[in-house]
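An overview of the molecular structure
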Amino acid sequence: NTTVMSNLVLDIAMHLHPEDRDEFIATFNRENLQREFSNGRTEISMEIRQGSLDGSYHWNLIMCIRIDNPLNEDLLLYLFGRNIDKQKQMEQNLKDALTTAERASEAKSDFLSRMSHEIRTPMNAIIGMTEIAKSAVDKPESMTNYLNKMDISAKYLMGVIP
């Protein structure tokens, strides 16, 4: 009965979260169901937030399935709903975990980039002073100066590495 189906859709819609109502009515109204099932679809579903007596909303999956009518050409439909709060909570937990992992990865990359710079700078000084010192073996004053700079860079490097 088309009136029963229309009344059922409107009755359900009255208990939905305001953001879900229009889409629910558009999806499950008689004309849309008839058009979709005539085009070969066998099921139509939607995730909605349905209100409860305490004023909170719960996630439900509403599904309408076409059933072949063995008696005539009338369209037979099976409409049912199932609570999916746990599924939605798991999805949110996964999204939160992914966001946390992405932030951790960004922090790690930033840390490694900074540490690489902090380590390379004194290492380059040590390597450079070593090369210069090799050419000043016969100049004790210069050699002492180069060794002091290498010592300062090495101590700085030890301070960077815990």
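Here the structure is shown first, and the text comes after it.
Now for a look at the structure at hand. Quick caveat, the model's predicted, so the values are computed rather than measured.

**With respect to the packing of helix α2 (residues 18–28) against helix α3 (residues 30–38)**
α3 packs onto α2 with a crossing angle of 50 degrees between their chain directions and a minimal axis gap of 5 Å. As summarised for this structure, α2 and α3 are arranged oblique, according to the angle between their axes. Where α2 approaches α3, its residues Ala26, Thr27 and Phe28 are matched on the opposing element by Arg30, Asn32 and Leu33. Here the residues of the contact of α2 with α3 are counted per class, giving three nonpolar, two polar and one charged.

**Structural notes on the nonpolar core**
Core analysis: the largest hydrophobic core is formed by 13 residues, its most contacted members being Phe24, Phe28, Leu33 and Ile48. Of all elements in the fold, only α1 (2–14), α2, α3, β1 (43–51) and β2 (57–67) reach the threshold of two or more residues within this core. If you look at the next biggest cluster of nonpolar residues, it comprises six residues, including Met129, Ala133, Met143 and Met150.

**Overview of the pattern of salt bridges**
Side-chain pairs of opposite charge can arise whenever the charged atoms involved come near each other. According to the stated counting rule, one finds eight salt bridges in the structure shown. With its nearest N and O atoms 2.7 Å apart, the salt bridge here joins Lys88 to Glu47. Of the two residues, Lys88 is situated in helix α4 (residues 85–134) and Glu47 in strand β1; the sequence distance between them amounts to 41 residues. For Glu47, a relative accessible area of 34% translates into the label partly exposed. For Glu91, the salt bridge goes to Lys88, with nearest N and O atoms at 3.6 Å. Of this pair, Glu91 and Lys88 both sit in helix α4, three residues apart, roughly one helical turn.

**Let's talk about the pairing of β2**
Where a strand is regular, its side chains alternate between the two sheet faces. The pairing of β1 with β2 spans nine bridges and is classified as antiparallel. When the bridges of β2 are listed, Met46 appears paired with Ile62. Taken together, β1 and the strand that follows it, β2, pair antiparallel across an intervening segment of five residues, in which Gly55 is found at a positive phi of about 90 degrees. In this structure, β2 lies alongside strand β3 (residues 76–83), joined through eight bridges in antiparallel fashion. Within the sheet, the bridge partner assigned to Arg66 lies in β3 and is Leu77.

**Focus on a nonpolar patch on the surface**
On the surface, Ile67, Leu76 and Tyr78 cluster together to form a nonpolar patch covering roughly 270 Å² of accessible area. Of the residues examined, Ile67 reaches a relative accessible area of 38% and is grouped as partly exposed.

**A closer look at the environment of Thr99**
Mapped onto the elements of the fold, Thr99 is located in helix α4. Looking at Thr99, the relative accessible area reads 31%, which means it is partly exposed. For the pair Thr99 and Met14, spaced 85 residues apart in sequence, the C-alpha to C-alpha distance is 35 Å.

Procedures and definitions
Residues numbered from 1 in each chain as written. Predicted model: local features only at pLDDT ≥ 70, side-chain atom pairs only at ≥ 80, totals over all residues. Heavy atoms only, no water. Axes fitted to C-alpha atoms, helices over the stretch in contact; angles between N-to-C directions. Helix = DSSP H or I, 4+ residues; strand = E, 2+ residues; numbered from the N terminus. Parallel < 35°, antiparallel > 145°, perpendicular 65-115°, else oblique. Contact = heavy atoms within 4.5 Å. Nonpolar A, V, L, I, M, F, W, Y, C, P; charged D, E, K, R; others polar. Core = buried A, V, L, I, M, F, W, Y, C linked by side-chain atoms within 4.5 Å. Buried < 20%, exposed > 50% of the residue type's maximum accessible area, 1.4 Å probe, protein only. Salt bridge = Lys/Arg side-chain N within 4 Å of Asp/Glu carboxyl O. Pairing = 2+ DSSP bridges. Patch = residues over 30% accessible without salt bridge, like charges linked within 9 Å, V, L, I, M, F, W, Y side chains within 5 Å. Areas by Shrake-Rupley, 256 points an atom, 1.4 Å probe, with all protein chains shown as cover.

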